[in-house]
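What the coordinates show
Residue-level listing of the chains:
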Amino acid sequence: MPIPVVDLFAGPGGLNEGFSRVTDTRGRPVFRTVISVEMDEFAHRTLELRALYRAMKQDGDFADYLTYVRGELTREELFARASALGADAQAEALRATMGASRSGDDEIESRIDSALKNSGGGEFVLIGGPPCQAYSLVGRARRSRESRDQFESDPRQRLYLEYLRIVARFKPAAFLMENVPGLLSAKLEGQSTFAMIRKDLTAAGYDLYALNKGDSLFETDTPDPRAFVVRAEDHGVPQSRSRVFILGLRRDLGLKARRLQPAADTRVFVEEVLRGLPAIRSRVSRRADSPEEWRREVSSLGDYKFPGLDEGMRRLIRAGVAELDSDLPLGRQFIRGEIKPPRLGEWYDSRAVGGVLNHNSRGHMAADLRRYYYWSAYAGVHHRSPSLSEVPAHLRPNHHNVTGDATNLPFADRFRVQIAGRPSTTITSHIAKDGHYYIHFDPQQCRSLSVREAARLQTFPDTYFFEGPITEQYRQVGNAVPPYLARQIGDLVASILHA
Ligand SMILES: C[S@@+](CC[C@H](N)C(=O)[O-])C[C@H]1O[C@@H](n2cnc3c(N)ncnc32)[C@H](O)[C@@H]1O
């Protein structure tokens, strides 16, 4: 019997996906998510769809799922055709806001209770933890009875208390909390937030462990908070991403913690997981887009004179813009084709889809198109993004239209190319706001990353479909734990529980 998993603050299900892909020596799943809780409409739709996909795959037939994600079936039709599996997926993915009201929290707990009972009532694992803001006022609750009442009236803090309540009431064998590194240094009225969380969870019957350091750090008396930071790039994820993971093991079980081993062949680079995806062009925004308009706008970069630019770059840009291919398609929900990446091909499961999903790219203003072209051409030669002093004046915003040393101006930092031969920088939910930080390394495509490319850097399998408007798809991708890392953490938790 797989170990039941309860997933709170589930987002689009990155952590959940990783745990779901842990298998035993006979290839059978070790974990099974029985309930995931998420408040956001679109992330929840993604979660629910993924729950259905998994059930269909387990059943050996996910043809209807593929028809849906290729845009040839409505969601209602998909769930209706899936009948019992569809209803199970709907029951598994619960859309609810934790900490919003006492009655809402009671309802969530009662759903968790039934999901666990239906799964046989054995030991289970809790994954996901409250977002950082929930801890921001934690200390207040400790000061006095009066402030405790105030504390309980603030939804963010009720969120934290609700999480503790769920741990204390359901007593998972293990829990795994993920957060941003800022959590470790957060202080409230002089007290460390991390120390307070630790105290609360220890009082609930758990010992807390860091995942990725030597055995000595498993001692729980004076843990170095930095030991709790896991770097995704050390675990075969093509992205630099540092996140805090806290593993709690229920003391009475006498479980022995283990260390998360770095991947044997650690570094995976951007190019190694993006190559093979169909080339698409960006769209010109704020005016009628057309292939000719796109080409005209980008090519006008070649007309400029670049004082201070070396001759090699100048020639490269001139030649490159002359060869811009206005026949490149725009991105869309589904593009047919063979898309296996050079690395992690089996993990991405690319062949299953018969093409690429969510390969949408956003529109760019004409001035940004020229910047993207310049930035990516520069990075192709120098293997880094240019600083402001290395950018021709006409590509700077008007108020920075000056020469001299301007390397530290924030504008230069606002644009960044994801260098082909390195892990990417952290994909955050900021990618939903603008793509300046996520410029594709290929100048001929002249755009920021598509949703699928961001998802590849986050190691979501190619069968994973993100629901909602493009901005919401980006937000979901940026919020998630990379599933490939989550699978390794799941392996670790499985080995601890089965030891
Ligand atoms: C960092 S993301 C979680 C990512 C997830 N663990 C994954 O790997 O994909 C945090 C999620 O918590 C959700 N969330 C925030 N506050 C919530 C609340 N009060 N109740 C339920 N979900 C909440 C957000 O909508 C967001 O999707």
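These numbers come from a predicted model, not from an experiment. (Residues numbered from 1 in each chain as written. Predicted model: local features only at pLDDT ≥ 70, side-chain atom pairs only at ≥ 80, totals over all residues. Heavy atoms only, no water.)

**A short note on the overall build of the protein chain**
Helices and strands together make up the secondary structure of the protein chain, namely 19 helices and 14 strands. Taken over C-alpha atoms, the radius of gyration comes to 24 Å for the protein chain, in line with the 23 Å a tight globule of 499 residues would show. When its C-alpha atoms are laid out on the principal axes, the protein chain stretches across 70 × 55 × 45 Å. Taking all contacts inside the protein chain whose residues are at least 6 apart in sequence as the whole, residues at least 24 apart take part in 74%. Positive and negative charge centroids in the protein chain, built from 69 and 64 side chains respectively, lie 3 Å apart. (Helix = DSSP H or I, 4+ residues; strand = E, 2+ residues; numbered from the N terminus. Rg over C-alpha atoms; globule rule 2.2 N^0.38 Å. Contact = heavy atoms within 4.5 Å. Lys, Arg positive; Asp, Glu negative; His and termini not counted. Charge placed at Lys NZ, Arg CZ, Asp CG, Glu CD.)

**Observations regarding the pairing of strand 10 (residues 242-250)**
Among the nine residues in strand 10, eight count as buried, and that is most of the element. Here strand 5 (residues 174-179) runs beside strand 10; their pairing, made up of six bridges, is antiparallel. For A174, the partnering residue across the bridge sits in strand 10 and is L249. Here strand 8 (residues 206-209) runs beside strand 10; their pairing, made up of four bridges, is antiparallel. Pairing of D207 across the sheet is with L249, part of strand 10. (Buried < 20%, exposed > 50% of the residue type's maximum accessible area, 1.4 Å probe, protein only. Pairing = 2+ DSSP bridges.)

**So, the site of the ligand**
The environment of the ligand is formed by 18 residues, the closest being G14, L15, E38, M98 and V481. Take E38: an N or O atom from its side chain is 2.6 Å from an oxygen atom of the ligand. In the model, a nitrogen atom of the ligand is placed 3.4 Å from a nitrogen or oxygen of the M39 main chain. Residue composition of the shell around the ligand, by class: eleven nonpolar, five polar and two charged. (Near = heavy atom within 4 Å. Polar contact = N/O pair within 3.5 Å; in protein donor to acceptor, adjacent residues only side chain to side chain. Nonpolar A, V, L, I, M, F, W, Y, C, P; charged D, E, K, R; others polar.)

**Observations regarding the confidence of the model for the protein chain**
Confidence in the prediction of the protein chain, expressed as mean pLDDT, is 89, and 90% of residues score 70 or more. Long-range and interchain partners of residues 400-409, a stretch whose pLDDT sits below 50, account for 14 contacts in this model, where long-range means more than four residues apart. (pLDDT = per-residue confidence, 0-100.)

**Quick look at empty space enclosed by the protein**
Inspection of every chain in the model, using the stated rule, returns one cavity of 30 Å³ or more. Roughly 30 Å³ of internal volume is contained in the largest cavity. Every residue lining the largest cavity is listed: N16, S36, L47, R50, A51, R54, E92, A93 and Y464. It is helix 2 (residues 41-59) that provides the largest number of residues to the lining of the largest cavity, a total of four residues. Of the residues belonging to the lining of the largest cavity, the class tally is four nonpolar, two polar and three charged. (1 Å grid on protein atoms, 1.4 Å probe; cavity = no way out; pocket = protein on both sides within 12 Å on 5 of 7 lines; lining within 4 Å. Points joined across faces, edges and corners; volume = space filled by probe spheres on them.)

**Some details on the pairing of strand 5**
Counting buried residues along strand 5, six of its six residues qualify, which places the element largely inside the surrounding structure. What you see with strand 5 is no split at all: A174, L176 and E178 on one side and F175, M177 and N179 on the other are buried throughout.

**Concerning the environment of R231**
As for its position among the elements, R231 is in strand 9 (residues 229-231). With a relative accessible area of 36%, R231 lands in the partly exposed category. Apart from residues lying up to four places away in sequence, R231 is in contact with R241, S242 and R267.

**Section: the pattern of salt bridges**
Enumeration according to the criterion identifies 38 salt bridges in this entry. Two residues, E109 and R165, come together in a salt bridge whose shortest N-O distance is 2.8 Å. A residue pair is termed long-range when its members are at least 10 positions apart, and E109 in helix 5 (residues 102-118) and R165 in helix 8 (residues 155-170) qualify at 56 residues. We classify E109 as buried; its relative accessible area is 3%. A salt bridge links D368 to R371; the nearest nitrogen and oxygen atoms lie 2.9 Å apart. Of the two residues, D368 and R371 are both situated in helix 15 (residues 366-382); the distance of three residues between them amounts to about one turn of the helix. Note on accessibility: D368 and R371 belong to one class, buried. Through salt bridges with shared partners, a single network forms among R102, D106, E109, D113, K117, E162, R165 and R169. (Salt bridge = Lys/Arg side-chain N within 4 Å of Asp/Glu carboxyl O.)

**Some details on the domain arrangement of the protein chain**
Interface size is often expressed as the accessible area that is lost when the parts come together. Split by domain assignment, the protein chain resolves into domain 1 (3-264 + 481-498) and domain 2 (270-479). For domain 1 versus domain 2, the separation of C-alpha centres amounts to 33 Å. Tallying the contact residues gives 37 residues for domain 1 and 37 residues for domain 2. Counting the surface lost from both domain 1 and domain 2, the interface buries some 2,800 Å², and carbon and sulfur atoms represent 55% of this. (Domains from an automatic or database assignment. Buried area = accessible area lost by both parts, 1.4 Å probe.)

**Description of the packing of helix 13 (residues 311-322) against helix 15**
Their axes nearest at 11 Å, the elements helix 13 and helix 15 cross at an angle of 125°. Viewed along their axes, helix 13 and helix 15 adopt a mutual orientation that is oblique. Seen from above, helix 13 lies across helix 15 with right-handed handedness. Judged by residue contacts, M313, L316, I317, G320 and V321 of helix 13 engage Y373, Y374, A377, Y378, V381 and H382 from helix 15. (Axes fitted to C-alpha atoms, helices over the stretch in contact; angles between N-to-C directions. Parallel < 35°, antiparallel > 145°, perpendicular 65-115°, else oblique. Left-handed = near helix turned anticlockwise from the far one by under 90°.)

**A closer look at the side chain of R281**
Inspection of the secondary structure assignment puts R281 in the loop between helix 11 (270-274) and strand 11 (283-284). Using a relative accessible area of 3% as the deciding quantity, one classes R281 as buried. Among the polar contacts made by the side chain of R281, one reaches the side chain of D289 at a distance of 3.0 Å. In this view, R281 contacts D289, S290, P291, W294, S326, L328, P329, L330, G331, S361, Q445 and R447; residues no more than four positions away in its chain are not counted.

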